[in-house]
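# Descriptive analysis of the structure
In case you want the letters, here they are:
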Amino acid sequence: MAKNTKQDEFESPDFYNIDSLLSEEHKLIRTSIRDFVKKEISPYIDKWCQDAHFPQEIVAKFGEIGAFGPFVPIKYGGGGLDYISYGLIMQEIERGDSGMRSTASVQGSLVMYPIYTFGSEEQKLKYLPKLASGEMLGCFGLTEPDYGSNPSDLVTNFKDMGDHFLLNGSKMWISNSPNADIAIVWAKDENGRIHGLIVERGMEGFSAPTTHNKWSLRASATGELVFDNVKIPKENILPEKSGLGAPLMCLDSARYGIAWGTLGAAMDCYDAARRYSLERIQFDKPIGSFQLIQKKLAEMLTEITKAQLLVWKLGKMMDDGTASTVQISLAKRNNVEMAVKIAQEARQIHGAMGITGEYPMMRHMANLESVLTYEGTHDIHLLILGQEITGISAFK
Ligand SMILES: Cc1cc2nc3c(=O)[nH]c(=O)nc-3n(C[C@H](O)[C@H](O)[C@H](O)COP(=O)(O)OP(=O)(O)OC[C@H]3O[C@@H](n4cnc5c(N)ncnc54)[C@H](O)[C@@H]3O)c2cc1C
């Protein structure tokens, strides 16, 4: 794979000395993931995206650096780390690319988390160590062709056949699906109650075709999950929680990771724009000497600083178990929008150069369009906040 020879010199802004709120362990984790991204992702990511190539080898590498399910206890192969550490890992990986972060956050929050939280001891021992090490890749199937924002009406279903379940239906827009060894599939029983099932690659009647022609998250594989009378062993049902609340709990954990991850994408764009504004000469001066460029940079730094404080406080609430779904919605929504705007402004600062793969902004911009939509659209999160404020649901 051709390598981009341009050096990744990223430095993160820390205008409010937020580092003073982090432990030495947090900073070490951040440094090690940042170094990994500079070495293993930055030189290749433009080419992977241009070619719509998912680098399968990254899965084992993510396993090695502890990027999968860092909050899962060591006993099950996880890192036994806190949520601030998880956030920092997502920030650094998405600084490299949102598609790479999607691979890691699906594995951690949407596959390992449900097995750890709702699974049996046998399921935890069977799957979690392999998922943590990257020996196995997983995906999370909730969205269906006709049910995106309202998953409660999903129609994928299973029947109790005595010694096994029979699964039918399909899922769409599933990250990691074409390469996944297992899928956590949310399906209804004969009473219409949602359960999580662990479906393994190779089960008869199960296929996972790739979705082609995406202009966003091009280094992340997306696909369908199709179930045609798939026999599921009874021990593959997640026993400890059923109902829509179960997948929504997983999404809380993943959206938390997005709030940090998009901060990484925003910081990457800001850092690139700051450097470029000092190097690019027009009218005999660096463009960074013009007021309008300084306004853009000052506003970017302001928004990044606010977002850094937001995720740090949210991380503390995640760690003490007090973060609510609505608080997570607010952070996901705010930080994705912040990152989209910063990517656009940073692109403008780069002028024509900004549309090339030499710089990260266009890739981040295109990626962030998916992030605006997945794990609850930008508008649905706004309506969740509206419901919290007024007590009235405007979306159902
Ligand atoms: C790249 C990518 C990866 C994904 N990965 C996964 C995955 O791994 N697993 C998974 O299960 N899903 C995944 N998704 C699916 C994603 O979660 C859904 O796309 C998302 O929930 C929105 O559903 P939809 O696309 O069907 O849009 P729709 O629900 O059809 O919404 C379309 C528009 O209508 C608006 N809208 C809908 N209802 C209302 C309302 N009541 N009031 C106001 N506006 C409304 C929405 O905000 C949106 O703007 C992924 C999506 C993408 C793009």
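Residues numbered from 1 in each chain as written. Predicted model: local features only at pLDDT ≥ 70, side-chain atom pairs only at ≥ 80, totals over all residues. Heavy atoms only, no water.

All right, on to the site of the ligand then. Taken together, 18 residues surround the ligand, and among them Phe 140, Thr 143, Ser 149, Trp 173 and Thr 377 come closest. Phe 140 places a polar main-chain atom, nitrogen or oxygen, 2.8 Å from a nitrogen atom of the ligand. Relative to its unbound accessible area of 970 Å², the ligand is 67% covered by the protein chains. When residues of the shell around the ligand are traced back to their parent elements, those giving at least two are β3 (164-175), α10 (361-373) and α11 (378-390). (Near = heavy atom within 4 Å. Polar contact = N/O pair within 3.5 Å; in protein donor to acceptor, adjacent residues only side chain to side chain. Areas by Shrake-Rupley, 256 points an atom, 1.4 Å probe, with all protein chains shown as cover. Helix = DSSP H or I, 4+ residues; strand = E, 2+ residues; numbered from the N terminus.)

Here Asp 252 lies in helix α7 (residues 245-279). Setting aside residues no more than four positions away along its own chain, Asp 252 makes contact with Thr 325 and Ile 328. (Contact = heavy atoms within 4.5 Å.)

Before going further, it helps to examine the pattern of salt bridges. By the definition in use, this model includes 23 salt bridges. Asp 271 serves as the salt-bridge partner of Arg 274, at 3.0 Å between the closest nitrogen and oxygen. Taken together, the residues span about one helical turn, with Arg 274 and Asp 271 both in helix α7 at a distance of three residues. Across the salt bridge formed by Glu 303 and Lys 306, the nearest N and O atoms sit 2.9 Å from each other. In this pair, Glu 303 and Lys 306 are both assigned in helix α8 (residues 291-319), three residues apart and thus about one turn of the helix distant. On the basis of relative accessibility, which here comes to 29%, the residue Glu 303 falls in the partly exposed class. The class of Lys 306 is partly exposed, set by a relative accessible area of 47%. Through salt bridges with shared partners, a single network forms among Glu 9, Glu 11, Asp 271, Arg 274 and Arg 275. (Salt bridge = Lys/Arg side-chain N within 4 Å of Asp/Glu carboxyl O. Buried < 20%, exposed > 50% of the residue type's maximum accessible area, 1.4 Å probe, protein only.)

Core analysis: the largest hydrophobic core is formed by 100 residues, its most contacted members being Ile 41, Ile 58, Phe 62, Met 100, Ile 115 and Trp 186. Looking at this core element by element, the count peaks at 17 residues for α7. Among the nonpolar cores identified, the runner-up in size contains 18 residues, and Ala 180, Met 203, Ile 232 and Ile 237 belong to it. (Core = buried A, V, L, I, M, F, W, Y, C linked by side-chain atoms within 4.5 Å.)

Turning to the packing of α7 against α8, a few remarks are in order. Put simply, α7 and α8 touch, their axes get as near as 10 Å, and they point 155 degrees apart. Here α7 lies roughly antiparallel to α8, going by the angle between them. Considering how the two elements wind past one another, α7 and α8 form a crossing that is left-handed. Residues Ser 253, Tyr 256, Ala 259, Trp 260, Leu 263, Ala 266, Met 267, Tyr 270, Ala 273, Arg 274 and Ser 277 of α7 pack against Ile 293, Leu 297, Met 300, Leu 301, Ile 304, Ala 307, Gln 308, Val 311, Trp 312, Leu 314, Gly 315 and Met 318 of α8. Class assignment for the residues of the contact of α7 with α8 results in 18 nonpolar, four polar and one charged. (Axes fitted to C-alpha atoms, helices over the stretch in contact; angles between N-to-C directions. Parallel < 35°, antiparallel > 145°, perpendicular 65-115°, else oblique. Left-handed = near helix turned anticlockwise from the far one by under 90°. Nonpolar A, V, L, I, M, F, W, Y, C, P; charged D, E, K, R; others polar.)

The subject of this paragraph is the pairing of strand β4 (residues 182-188). With respect to burial, β4 is a largely interior element, seven of its seven residues being buried. Of the two faces of β4, both are covered, the one formed by Ile 182, Ile 184, Trp 186 and Lys 188 as well as the one formed by Ala 183, Val 185 and Ala 187. Here strand β1 (residues 138-141) runs beside β4; their pairing, made up of four bridges, is parallel. Bridge pairing in β4 places Gly 138 opposite Ile 182. Sheet topology note: the β4/strand β5 (residues 194-200) ladder contains seven bridges and is antiparallel. Along β5, the bridge assignment pairs Ile 182 with Glu 200. (Pairing = 2+ DSSP bridges.)

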